[in-house]
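Residue-level structural notes
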Amino acid sequence: MESTCPNCGKKLKWYNVKAECSQCGVSIPNFNWEGRLEEDAQRSEKKFASFYKTMNMLAYSIWGTKLRIVRIILSFLPAIGFLLPWAYLKSDANSIGIDLIGLFTDGKSLIDVISDFFANKSLYFTNMAYEGNSGLLTFTMLAILFMLLSLVFIVVAFFLILFTTKHPKTKAMVVFDALSIACCVASGILFSIGLSNASTQSAVNFGSFSLYNISGGISWGIFVAAALLIAAFVANLLVAKAPAKSHEELEEERLAKKAEKEEKERQEDIRKEKEREEAEKKAAEEQQKLVAEAKAKLEAKQAKKNKKAKKD
C-alpha cells in the first residue's frame, strides 16, 4: 500500500521503512506534530459534543419532565395485562385459560396452546378446515394471534421511546399504541365469536387437547389490558403534543448544572482549606501555650533553686 510524504508529496513505496523522507529529509512521524495535535484535539472536542448531545436528549426523552416519567411507567405497565386472563374454555376433558403463563386459570395455559400448535400445526389446520374455518378453534386461534400482535406492538412502542430519543416529539409510539389497542379489541371480538359457537360444537380438538361439553367466556384481564394500553396511548399522545426542548437548551442546562457543581466543589474546597488553616492556627496557638507554660514552670523552678542557693 502506497502513501505520500506529508511535506513534499513524494510517493512512498512499501520498502521505504525509514522515518525520514528520502527526497526532502523530513521526519514523517514528527511532521507538523503541533498541527496534528490540534486537529486531534478538535476531533475529540467534536466527539464529546456529539456524545453530550446524545446523552442530553436520551435523558430528556425518558425522564426529562414529569409527563415523560409518567409516560415511561405507563408504557411499561401494559406488559402486566398480558399476564392476566383474557378468556377461558372449560370442558369435561381439558380446560384452557387464555393467559400467558396460566397464573390465574386452571388447565392449559396460552404457552401450552402455542407450544402444542407449533408441534402439531398440520393437525390444527386440519381441524380448522373440518369446522369450515368458522368454528371455536378457528376463532380462538385468531384471537390468540391478535393477542400476540397486540403484545408485539406495545413492546415495539416501549422500545421506540429508547430508540427515538433524537426526535422527542415523534408520534411513532402513538401509532404502535393504537395498533396494539386495535389488536386487543379484535382479539376480544374474535374470542366472543368463537365462544358463541361453543354451544353448537360438542367437541373440539386443540391439537393434542380435546374439549367436550365446552363452556367459556371473556375474562376480566382483557379489560384491564385494554385500559393499560389506552393509558399508554394517552401518555404518548400528550408527550408528542407537549413542547420539547432543543439540543441547544439542553446543552445550556447541562453546562449550567456543571458550572453549579464546580462552584459548589470550589466553595467546598475553600471551606476545607479555611478549616485546615484554622486547625493549624489553633494547633500553633496551643503549642505556643504549652511552650509558654513549660517555660514559666522552668523559670519558676530555676528561681526557686536560685533562692534556695542564695539562702544557703
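So, a few notes on the structure that sits alongside this text. (Residues numbered from 1 in each chain as written. Predicted model: local features only at pLDDT ≥ 70, side-chain atom pairs only at ≥ 80, totals over all residues. Heavy atoms only, no water.)

Locating Ala59 in the fold gives a position in helix α1 (residues 33-63). Sequence separation between Ala59 and Leu162 is 103 residues; the distance between their C-alpha atoms is 9.7 Å. (Helix = DSSP H or I, 4+ residues; strand = E, 2+ residues; numbered from the N terminus.)

On to unusual backbone geometry. In terms of backbone geometry, most residues other than glycine have negative phi values and most peptide bonds are trans. Of note in the backbone geometry, Asn133 takes a positive phi value of approximately 55 degrees without being a glycine. The exposure class of Asn133 is partly exposed, given its relative accessible area of 48%. The phi torsion at Asn213 lies on the positive side, around 50 degrees, for a residue other than glycine. Along the chain, the position of Asn213 falls in the loop between β6 (209-212) and β7 (215-218). The exposure class of Asn213 is exposed, given its relative accessible area of 51%. (Buried < 20%, exposed > 50% of the residue type's maximum accessible area, 1.4 Å probe, protein only.)

Another aspect to go through is the layout of surface pockets. Roughly 240 Å³ of internal volume is contained in the largest pocket. Surrounding the largest pocket, Tyr52, Met55, Asn56, Ala59, Tyr60, Gly64, Lys245, Leu250, Glu253, Arg254 and Lys257 form its lining. By residue number, the principal contributor to the lining of the largest pocket is α1, which donates 5 residues. Residue classes in the lining of the largest pocket are distributed as 5 nonpolar, 2 polar and 4 charged. The space that makes up the second largest pocket amounts to roughly 200 Å³. Every residue along the wall of the second largest pocket is listed here: Ile114, Phe117, Phe118, Phe125, Met128, Met141, Leu142, Ile144, Leu145 and Leu148. Elements supplying a minimum of two residues to the lining of the second largest pocket: α4 (110-119), α5 (121-130) and α6 (136-163). If you tally residues by element for the lining of the second largest pocket, the top one is α6, at 5 residues. Partitioning the lining of the second largest pocket into residue classes produces 10 nonpolar, no polar and no charged. (1 Å grid on protein atoms, 1.4 Å probe; cavity = no way out; pocket = protein on both sides within 12 Å on 5 of 7 lines; lining within 4 Å. Points joined across faces, edges and corners; volume = space filled by probe spheres on them. Nonpolar A, V, L, I, M, F, W, Y, C, P; charged D, E, K, R; others polar.)

A word on the nonpolar core. Within the largest apolar cluster, 37 residues are counted, with the highest numbers of intra-cluster contacts made by Trp86, Leu89, Ile98, Met141 and Phe206. Those elements that provide at least two residues to this core are β3 (87-90), α4, α5, α6, α7 (172-196), β5 (203-206), β6 and α8 (221-241). For this core, the leading source of residues is α6, giving 9 residues. Non-local contacts of Phe206, meaning those with residues more than four positions away in its chain, are made with Leu89, Ile96, Asp116, Tyr124, Leu137, Thr140, Met141 and Leu211. (Core = buried A, V, L, I, M, F, W, Y, C linked by side-chain atoms within 4.5 Å. Contact = heavy atoms within 4.5 Å.)

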